[in-house]
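If you want the building blocks of each chain, they are given just below.
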Amino acid sequence: MLKLNFPEYRLRFKSRENNPLVFDVVRKKYVRLQPEEWVRQHCIHFLIQEKGYPVGRMLVEREIRVNNLPRRVDIAVCDALGQVDLLVECKAPEVPITQEVFDQMARYNLALNARLLMVTNGLSHVYCRMDYAGQRYEYLRELPPYSTE
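A quick note: this is a predicted structure, and the numbers were derived from the prediction, not measured.

K.L.:
How should I be thinking about the packing of aromatic side chains in this particular structure?
P.N.:
To describe a pair of aromatic rings, you give the distance between the ring centres and the angle between the ring planes. Under the counting rule described, the total for this entry stands at seven aromatic pairs. Ring centres of Phe 102 and Tyr 137 lie 4.9 Å apart, and the angle between their planes is 85°; on these two criteria the pair is classed as edge-to-face. With Phe 102 in helix H2 (residues 99-112) and Tyr 137 in strand E9 (residues 136-140), the pair connects residues that are 35 residues apart, well separated along the chain. Assessed through its relative accessible area of 27%, Tyr 137 is described here as partly exposed. Arranged with centres 6.3 Å apart and planes meeting at 50°, the rings of Tyr 137 and Tyr 139 form a pair that is tilted. Clustering of aromatic rings is evident, with ring pairs tying together Phe 102, Tyr 137 and Tyr 139. A cation over a ring is seen here: Arg 12 above Phe 23, with NZ or CZ 4.0 Å from the ring centre.

Laid out in structure tokens, this is it:
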């Protein structure tokens, strides 16, 4: 798999019926290793190891409803009250981070009202903080570390 713009992490792998699998520490199971999953697993480890987000507050590949349609969020991190604080959209490395990709996450956030957003393809990362009062995004240079505030 392609080297990503994340620190190197010791991921666990195995193979089943000639399909490579990677262990997901949030879902506590092996999942099929595909390009988007490669990015998602690196992002999960980045959030845990570099930014201090607790694994116990993470949701991965969870279904939500947006305009009564089922959608799946890649990664969400909840606060102490169970509300989504950080929403992450992961794409495969060959998928450029475009306005369309960002808009997809923004639509998901209509149902979740997260404080922080992150979009990544493993090579490029975009971070922002929501300003709901001003109805705009505040782009950030980096993702803030986990905070209980």
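Let's pick the thread back up.
K.L.:
What is the right way to read the sheet that holds strand E2 (residues 19-24) from this model?
P.N.:
Reading across from one edge, E1-E2-E3 is the order of the three strands in this open sheet, with antiparallel pairing throughout. Looking along the sheet, the strands with just one partner apiece sit at the ends: strand E1 (13-16) and strand E3 (29-32). With direction set aside, neighbouring strand axes in the sheet form an average angle of 40°. As judged from the four bridges shared by E1 and E2, these two strands associate in the antiparallel manner. Note that in E2 the partner of Phe 13 across the bridge is Val 22. Sitting on the sheet, helix H1 (residues 35-50) is in contact with E1, E2 and E3, with an inclination near 20° to E2.

What counts, and where the lines are drawn
Residues numbered from 1 in each chain as written. Predicted model: local features only at pLDDT ≥ 70, side-chain atom pairs only at ≥ 80, totals over all residues. Heavy atoms only, no water. Phe/Tyr/Trp six-rings, centres within 6.5 Å; stacked < 30°, edge-to-face > 60°. Helix = DSSP H or I, 4+ residues; strand = E, 2+ residues; numbered from the N terminus. Buried < 20%, exposed > 50% of the residue type's maximum accessible area, 1.4 Å probe, protein only. Lys NZ or Arg CZ within 6 Å of the ring centre and 35° of its normal. Pairing = 2+ DSSP bridges. Axes fitted to C-alpha atoms, helices over the stretch in contact; angles between N-to-C directions. Contact = heavy atoms within 4.5 Å.

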